[in-house]
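The primary structure of each chain is shown beneath.
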Amino acid sequence: MNRSIVVLGGSFNPPTLAHLKILRAAMERVHAEHGYFVPVSFPYLKRKMGKAGQSHLCLPDETRIRMLKAMTAGNPDMDIYTGEMQEAFAVTQRTMQVMQDLYPDADIFFVAGADKLDLMEEFQRKWSFLTRYRMILFARDGSRLKEEIAAHALLSACQASIVFAPPPEGIETVSSTKIREHLFDPESVAEMLHPAVIPLLKELRPEDFPEEILQFREKYAFLSNDFPVPVQYEDVTYPCAASAFLATKCSDPAERQRIAGMAAEKVKQRYNAGPGSPAWEASRIPIMEEIVRLKFRQHPDLMDRLISTGNLRLINGSRKDRFWGVNPITWEGENHLGGILMKLRSEGKKK
């Protein structure tokens, strides 16, 4: 019988007793000598939680690692593989290959629930996953699950690579969603958490996890520099703040007047691509702040709407601009526009 290694991927946001029980049960099912928790990256977590409307409740990588280490401290046959935290996307295939390289003579098992059959068929189609690795499937009704697998052409041909296991007792009452609803009061959900994780959760503060506006669209489109309201800057009136800002790249007054008469989209196409002068590049943040300030000063109704966003973190989600915004896929970016808006909002609240 080959050696066995078990891999359990997940958000672990935060890690729960169910995660620990599942990994232990999987290891016992195949007599594994070692099990690995594999937490996803922060960008992946943000995207996943964003779909659930909880993008702000994402624990940083270092926090999730600390909690996993605390939870596994009494389990020397368990460890944490952090390689996926370096990637914006889930890289299950790469992780499994890393494990196979570490244990070349072992069977590497990937742990999944019965609801992941479509995902596993995709893995098999893309990477011949089950011809290289094995899988442990947790389901309460194993016979029914086998019937469902028979309906998956690629999976049914690889049933010898699949091990079935009943879910461990007690995990049905554990809810990660409920834990996050009580994230700052972990004692109220203590039965779902490992005792070593609770003190670490108590270190968290609600003010460090404000709710977020992730993109300046729809009802928050007024936060965008493209929002079509006139902005007067240095005696020239532009169709929007974006046009006014790009016009500052030009020192020629006549050129600025031409920009003011152009459609905003054409201004962006023509002036946004290339850099400005070194002096302009060095001053672009205060220039942007001045123009955005004028936009909201000249349109008090927009300032009222800005103030009405309360304490929400304002994030200019943009796949193209990682200076003024944040890429919502990789979660990379400096978000200078969001920072300017939050500064103006804070000032407006004090008046």
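Up top you'll find the structure we're talking about.
Now for a description of the structure that goes with this document.

Conventions used here
- Residues numbered from 1 in each chain as written.
- Predicted model: local features only at pLDDT ≥ 70, side-chain atom pairs only at ≥ 80, totals over all residues.
- Heavy atoms only, no water.
- Core = buried A, V, L, I, M, F, W, Y, C linked by side-chain atoms within 4.5 Å.
- Buried < 20%, exposed > 50% of the residue type's maximum accessible area, 1.4 Å probe, protein only.
- Helix = DSSP H or I, 4+ residues; strand = E, 2+ residues; numbered from the N terminus.
- Contact = heavy atoms within 4.5 Å.
- Axes fitted to C-alpha atoms, helices over the stretch in contact; angles between N-to-C directions.
- Parallel < 35°, antiparallel > 145°, perpendicular 65-115°, else oblique.
- Nonpolar A, V, L, I, M, F, W, Y, C, P; charged D, E, K, R; others polar.
- Salt bridge = Lys/Arg side-chain N within 4 Å of Asp/Glu carboxyl O.
- Pairing = 2+ DSSP bridges.
- Phe/Tyr/Trp six-rings, centres within 6.5 Å; stacked < 30°, edge-to-face > 60°.

Our next topic: the nonpolar core. Ranked by internal contacts, the top residues of the largest apolar core, which has 40 residues, are V6, F37, I136 and F138. Elements with a contribution of two residues or more to this core: β1 (3-10), α1 (17-29), α3 (61-72), β3 (78-80), β4 (106-113), β5 (134-138), β6 (162-165) and α10 (198-202). Here this core takes eight residues from α1, the largest share from any one element. Those residues in contact with I136 that sit more than four places away from it in its chain are V6, A26, V30, F109, F110, V111, A112, V163 and A165.

Angle between the axes and distance between the axes are the two parameters that describe a pair of packed helices. Remark: helix α14 (residues 278-298) packs on helix α15 (residues 300-307), axes separated minimally by 5 Å, with the N-to-C direction vectors making an angle of 105°. The orientation of α14 with respect to α15, classified from their angle, is roughly perpendicular. Where α14 abuts α15, its residues K295, F296, R297 and Q298 lie against P300, L302, M303 and L306. Residues that form the contact of α14 with α15 fall into these classes: five nonpolar, one polar and two charged.

Oppositely charged side chains can form a pair if their charged atoms are brought close together. On inspection of all chains with the given rule, the structure shows 20 salt bridges. K46 is the salt-bridge partner of E212, the closest N and O atoms lying 2.9 Å from each other. Here E212, found in strand β7 (residues 212-213), pairs with K46, found in helix α2 (residues 42-51); they are 166 residues apart in sequence, far enough to count as distant. Judged by its relative accessible area of 6%, K46 falls in the buried class. Close ionic contact of E212 with R313 constitutes a salt bridge, the shortest N to O distance being 3.0 Å. With a gap of 101 residues between them, E212 in strand β7 and R313 in strand β10 (residues 313-314) connect regions that are remote in the sequence. Exposure remark for E212: the relative accessible area of 14% places this residue in the buried category.

Right, let's get into the sheet that holds β5. Here six strands make up an open sheet; going across it, the order is β3-β2-β1-β4-β5-β6 and the pairing parallel. Each edge of the open sheet carries a strand with a single partner, namely β3 and β6. Put simply, the sheet's adjacent strands are angled 25° from each other on average, direction ignored. Of the pairings in the sheet, the one linking strand β2 (residues 34-39) to β3 comprises three bridges and is parallel in character. By the bridge assignment, G35 is partnered in β3 with M78. Along the sheet, α1 contacts β1, β2, β3, β4, β5 and β6; its crossing angle with β2, the most-contacted strand, is approximately 145°.

Our focus in this paragraph is the packing of aromatic side chains. Summed over all chains, the structure comprises 11 aromatic pairs. Where F245 meets W280, the ring centres are 5.2 Å apart and the plane angle is 45°; that geometry is what we call tilted. Within this pair, whereas F245 is found in helix α11 (residues 241-247), its partner W280 is found in helix α14, the two being separated by 35 residues in sequence. W280 matches F245 in its accessibility class, with the two residues each being buried.

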